[in-house]
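# Notes for the structure review
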Amino acid sequence: MLGICRGRRKFLAASLTVLFVPAITWIYLFAGSFEDGKPVSLSPLESQPHSPRYTASSQRDRESLEVRMREVEEENRALRKQLSLAQSRGPSHHRGNHSKTYSMEEGTGDSESLRAGIVAGNSSECGQQPAVEKCETIHVAIVCAGYNASRDVVTLVKSVLFHRRNPLHFHLIADAIAKQILATLFQTWMVPAVRIDFYDADELKSEVSWIPNKHYSGIYGLMKLVLTKTLPSNLERVIVLDTDITFATDIAELWAVFHKFKGVILLLLDKLRKMKWEQMWRLTAERELMSMLSTSLADQDIFNAVIKQNPFLVYQLPCFWNVQLSDHTRSEQCYRDVSDLKVIHWNSPKKLRVKNKHVEFFRNLYLTFLEYDGNLLRRELFGCPSEADINSENLQKQLSELDEDDLCYEFRRERFTVHRTHLYFLHYEYEPASDNTDVTLVAQLSMDRLQMLEAICKHWEGPISLALYLSDAEAQQFLRYAQGSEVLMSRHNVGYHIVYKEGQFYPVNLLRNVAMKHISTPYMFLSDIDFLPMYGLYEYLRKSVIQLDLANTKKALIVPAFETLRYRLSFPKSKAELLSMLDMGTLFTFRYHVWTKGHAPTNFAKWRTATTPYRVEWEADFEPYVVVRKDCPEYDRRFVGFGWNKVAHIMELDAQEYEFTVLPNAYMIHMPHAPSFDITKFRSNKQYRICLKTLKEEFQQDMSRHYGFAALKYLTAENNS
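Residues numbered from 1 in each chain as written. Predicted model: local features only at pLDDT ≥ 70, side-chain atom pairs only at ≥ 80, totals over all residues. Heavy atoms only, no water.

Broken down by element type, the protein chain carries 23 helices and 21 strands. Across the 721 residues of the protein chain, 56% fall into the buried class. For the protein chain, the share of sequence-separated contacts (at least 6 apart) that also reach a separation of at least 24 residues comes to 82%. (Helix = DSSP H or I, 4+ residues; strand = E, 2+ residues; numbered from the N terminus. Buried < 20%, exposed > 50% of the residue type's maximum accessible area, 1.4 Å probe, protein only. Contact = heavy atoms within 4.5 Å.)

Have a look at this one:
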């Protein structure tokens, strides 16, 4: 069933296909069938008065559909006649064994039948495969919806970027979730010679929602049917990929197939435009739904039906362009050696456990790109001018203004480093309370603090926004850890945002800003990952927000911080129990032994007996944990690693005239852990401490310039401390 060019012969222009598994997804090649010169809109099609909305339970709908189908039959006959004429004018496609077109026996019911995409065109005679021009842009379309698919598409893109030598233009048909995630990811990835365009999948739903569909991908599994209408009318060809595949070769080899179309392809494109693919698949779908009632393979069922009626539309590529693993031994007959493989398809977790003599190679190839450092893919394409990126130009300008001989150059450079960021790495689902009192706990962490997540989730039932500083490999370790935790998997109101590692510093304030920026509540509790909030703090803070009118006043509500030196602690259930533990020496006020100034202004002596909130004044080096409105200023990115990262933020709040109010019945407790790498560096590296002092002075000068006379107190306080 496959036409494979060996030796002097070459591939026929074709769709990528597979012989091995019944429920598959594809790589497609589309050549054109875009509407002539008409502007393409992402708005839904104008409703068609006769288009059926079939429901199996509705006899009335069924009768209406039967009437419509009698009308459709006549239209289909006319279409087939036109298509036959178009075929007869082109060269014959049946010359011995040089090519075999797609066909499907009627009524065979073979679940392993060939599934094919469509190429509108003819192949040239077999010979040397033409190369793709050096700087020719390759267009790739992907339908991507939801959190899991957004993760999968990253692995696909990594494999494409790893092998590519051409500029790429990705056309992403995405829902709101995937667009938010992938727009941020590509913006922060900053890969040269890669362009991204988004098309609103939610606006396309009405185009295919009338088709009953049982496929797990839901309505998004049907959206490839409308690509010819969705993508720009001047885009003549595009490779359409599923999110669950891995490339083992340069995608340009696939793109080169398009160069085989000569002469008559233009004629066939013209015919397809006049006959309108949109109408063709709709009429076919209406007919097939009379017997199928619903699709089980999403868009594949519709494509297969069109192809069965018009088999000459499709030409096959060798199956090693889309090898899918299965328990069927025929998958091994698709190629002679692993070096032949072009694309591996991973549309099921089971595929990593199948019996295949090369399964280790397949698994390693997949895992390589899954955990591959995406920062290494930011390489320039030699000799190919890329479109000017204003963000990249601004970044280069800022970096060029830094003095590389400055002893603190690396500190200053970190402020301008763009860290690749993957928002909502796991599923997130949360609607804020309608009373506008909702509070999100905000924190950041690295791999060595992962064990704190379950405990925090048990102490805080409200929404959480976390920024995790991880490598690509660590991100996969985190994924496995989270998926193996009943506590974490039972919580859908935790947003996990991966900020990928780069450089030699821990960008603590960047992480905080990422977590702050992506909250969905009006208020946030700015915490740290090694603190456990008291039981019931979430509800207490929501009540305090109302009581202290945070909506209409600039207040920072302080949650007093304590610490224990014991790894096993019977967590106090009340303020009275906490005070008893303080008196017994089981608990201490936070950093009492090493950094008293950081929390002294909280006035713990007053807190012991306080029953109502009380106001305190800012003092030098004050760094409490606070609840603020979501519109509060960001953290200053010049401070990295250990030292002054929270102090500078509290100073900024004070400069903007926030009132600091201590909550009398709130508390949080710091749990012991091994010292971080950054605090060790601070204590052991003199140059680190010198640079931190320099950055502090520059920050205070910036404060004076920005806030004027009112900011002079910060310089005075620093000199007196």
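On to the sheet that holds strand β17 (residues 588–589), then. Read across the open sheet, the four strands follow the order β14-β21-β16-β17; overall the sheet is mixed. Since the sheet does not close on itself, it has two edges, and those belong to β14 (531–533) and β17, each with one partner. The pairing of β14 with strand β21 (residues 668–670) spans three bridges and is antiparallel. Residue pairing in the sheet places Phe531 in a bridge with His670 of β21. (Pairing = 2+ DSSP bridges.)

Quick look at the packing of helix α20 (residues 645–655) against helix α22 (residues 686–707) now. Contact pair α20 / α22: the axes reach a minimum separation of 12 Å and the direction vectors enclose 15°. Judged by the angle between their axes, α20 and α22 are roughly parallel. Note on packing geometry: the crossing formed by α20 with α22 is right-handed. From α20, Ala648, Met651, Glu652 and Ala655 reach across to α22, where they touch Phe699, Gln700, Met703 and Tyr707. (Axes fitted to C-alpha atoms, helices over the stretch in contact; angles between N-to-C directions. Parallel < 35°, antiparallel > 145°, perpendicular 65-115°, else oblique. Left-handed = near helix turned anticlockwise from the far one by under 90°.)

Nonpolar side chains in soluble globular proteins tend to be buried together. Among the nonpolar cores identified, the biggest contains 114 residues, and Leu466, Phe478 and Phe525 are the most heavily contacted of them. Setting aside residues no more than four positions away along its own chain, Phe478 makes contact with Phe425, Leu426, Met447, Leu450, Leu453, Leu468, Leu470, Tyr496 and Ile498. Counting residues in each nonpolar core, the second largest holds 34 residues, with Phe170, Ala174, Leu241 and Leu254 among its members. (Core = buried A, V, L, I, M, F, W, Y, C linked by side-chain atoms within 4.5 Å.)

The next point concerns the pattern of salt bridges. Under the counting rule described, the total for this entry stands at 25 salt bridges. In this structure, Asp250 engages Arg165 in a salt bridge whose closest nitrogen and oxygen atoms are separated by 3.8 Å. Placement of the pair is Asp250 in the loop between β6 (245–247) and α6 (252–255) and Arg165 in the loop between α2 (146–163) and β3 (168–174), with a sequence separation of 85 residues. The buried category is assigned to Asp250, whose relative accessible area is 7%. A relative accessible area of 60% means that Arg165 is categorised as exposed. The shortest N-O distance in the salt bridge between Arg591 and Glu563 comes to 3.3 Å. (Salt bridge = Lys/Arg side-chain N within 4 Å of Asp/Glu carboxyl O.)

Turning our eyes to something else, we now look at the state of the cysteines. Taken as a whole, this structure holds two disulfides when the rule is applied. Each disulfide pairs two cysteine sulfurs, and for Cys135 the partner residue is Cys384, the sulfurs being separated by 2.1 Å. Judged by the sign of its S-S torsion, about -95°, the bond between Cys135 and Cys384 is left-handed. Within this pair, whereas Cys135 is found in the loop between α1 (59–89) and β2 (138–144), its partner Cys384 is found in the loop between α10 (359–370) and α11 (390–400), the two being separated by 249 residues in sequence. Note on Cys384: relative accessible area 9%, which makes it buried. (Disulfide = S-S within 2.5 Å.)

Another aspect to go through is the pairing of strand β11 (residues 464–470). Most of β11 is tucked away: seven of the seven residues are buried. Across the two faces of β11 the burial is the same, with Ile464, Leu466, Leu468 and Leu470 and Ser465, Ala467 and Tyr469 all buried. Here strand β10 (residues 439–446) runs beside β11; their pairing, made up of six bridges, is parallel. Bridged to Leu445 within β11 is Leu468. Between the parallel elements β10 and β11, the chain passes through helix α13 (residues 452–459) in a crossover that is right-handed. One ladder, built from seven bridges, connects β11 with strand β12 (residues 494–500); its direction is parallel. (Right-handed = clockwise from strand over helix to strand, strands pointing away.)

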